[in-house]
Amino acid sequence: EVQLVESGGALVQPGGSLRLSCAGSGFTFSAYAMSWVRQAPGKGLEWVSRIHSDGGSTRYADSVKGRFTISRDNAKNTLYLQMNSLKPEDTAVYYCAKSSGSGGFDYWGQGTQVTVSS
């Protein structure tokens, strides 16, 4: 059974930092690209970042470029999102998502709440 479990969400002040983690199990983690997707209160899903299966290629939404860094440790089956210079508009539930291999995502985690507020 495929499982993705996020952790690391918290309440943080503007300008602060957080690191999210996503532990994967039940599939060959190192074989798939992974992404972070977020949903702000009352809004739709927003793709945040993607990393290639070997970690050699990354992409970011313009809204987080230069502030967020995606990474992975395939030996630990874990995906990360380092978030710096956080803004109130980064407040959202953050999900990790497994690429299906043919476009789109086939599995999602349960999400972790990030709140940026003073």
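Up top you'll find the structure we're talking about.
Read on for a plain summary of the structure. (Residues numbered from 1 in each chain as written. Predicted model: local features only at pLDDT ≥ 70, side-chain atom pairs only at ≥ 80, totals over all residues. Heavy atoms only, no water.)

## Re the overall build of the protein chain
When helices and strands are tallied, the protein chain shows zero helices and 11 strands. Ordered by position in the sequence, the α and β elements of the protein chain form the string β-β-β-β-β-β-β-β-β-β-β. Taken along the three principal axes of its C-alpha coordinates, the protein chain extends 40 × 25 × 25 Å. Sorting the 118 residues of the protein chain into buried and exposed places 42% on the buried side. Counted over contacts in the protein chain with a minimum sequence separation of 6, partners at least 24 positions apart contribute 52%. Within the structure as shown, the protein chain displays about 5900 Å² of accessible surface, and the carbon and sulfur contribution to it stands at 46%. Charge centroids of the protein chain, computed over 11 positive and 9 negative side chains, lie 4 Å from each other. (Helix = DSSP H or I, 4+ residues; strand = E, 2+ residues; numbered from the N terminus. Buried < 20%, exposed > 50% of the residue type's maximum accessible area, 1.4 Å probe, protein only. Contact = heavy atoms within 4.5 Å. Areas by Shrake-Rupley, 256 points an atom, 1.4 Å probe, with all protein chains shown as cover. Lys, Arg positive; Asp, Glu negative; His and termini not counted. Charge placed at Lys NZ, Arg CZ, Asp CG, Glu CD.)

## Some words on the packing of aromatic side chains
When we look at a pair of aromatic rings, we describe it by the centre distance and by the angle of the planes. Tallied over the full model, the rule gives four aromatic pairs. Measuring from ring centre to ring centre gives 6.0 Å for phenylalanine 27 and phenylalanine 29, while their planes differ by 50 degrees; the resulting arrangement is tilted. A residue is classified by how much of its surface remains accessible, and phenylalanine 27, at 15% relative accessible area, is buried. Residue class for phenylalanine 29 comes out buried when judged on its relative accessible area of 1%. (Phe/Tyr/Trp six-rings, centres within 6.5 Å; stacked < 30°, edge-to-face > 60°.)

## Considering the nonpolar core
With 26 residues, the main nonpolar core has Trp36, Phe68, Leu79, Leu81, Met83 and Tyr94 as its most contacted residues. Of all the secondary-structure elements, those providing two or more residues to this core are strand 3 (18–25), strand 4 (34–39), strand 5 (45–51), strand 7 (68–73), strand 8 (78–83), strand 9 (92–99) and strand 11 (112–116). Excluding residues that lie within four positions of it along the chain, leucine 79 makes contacts with Leu20, Ser21, Cys22, Phe29, Met34, Ser35, Trp36, Ile51, Ile70, Ser71, Arg72 and Cys96. (Core = buried A, V, L, I, M, F, W, Y, C linked by side-chain atoms within 4.5 Å.)

## Examining unusual backbone geometry
Look at asparagine 77: it is not a glycine, yet its phi comes out positive at around 55 degrees. In this structure, asparagine 77 sits in the loop between strand 7 and strand 8. Not every positive phi belongs to a glycine, and serine 85 is a case in point at roughly 50 degrees. Structurally, the position occupied by serine 85 is in the loop between strand 8 and strand 9.

## Description of the sheet that holds strand 1 (residues 3–7)
Taken in spatial order, the four strands of this open sheet run 1-3-8-7, and their pairing is antiparallel. Of all strands in the sheet, those bounded by a partner on one side alone are strand 1 and strand 7. Between one strand and the next, the sheet's axes are offset by a mean angle of 15 degrees, whatever the strand orientation. (Pairing = 2+ DSSP bridges. Axes fitted to C-alpha atoms, helices over the stretch in contact; angles between N-to-C directions.)

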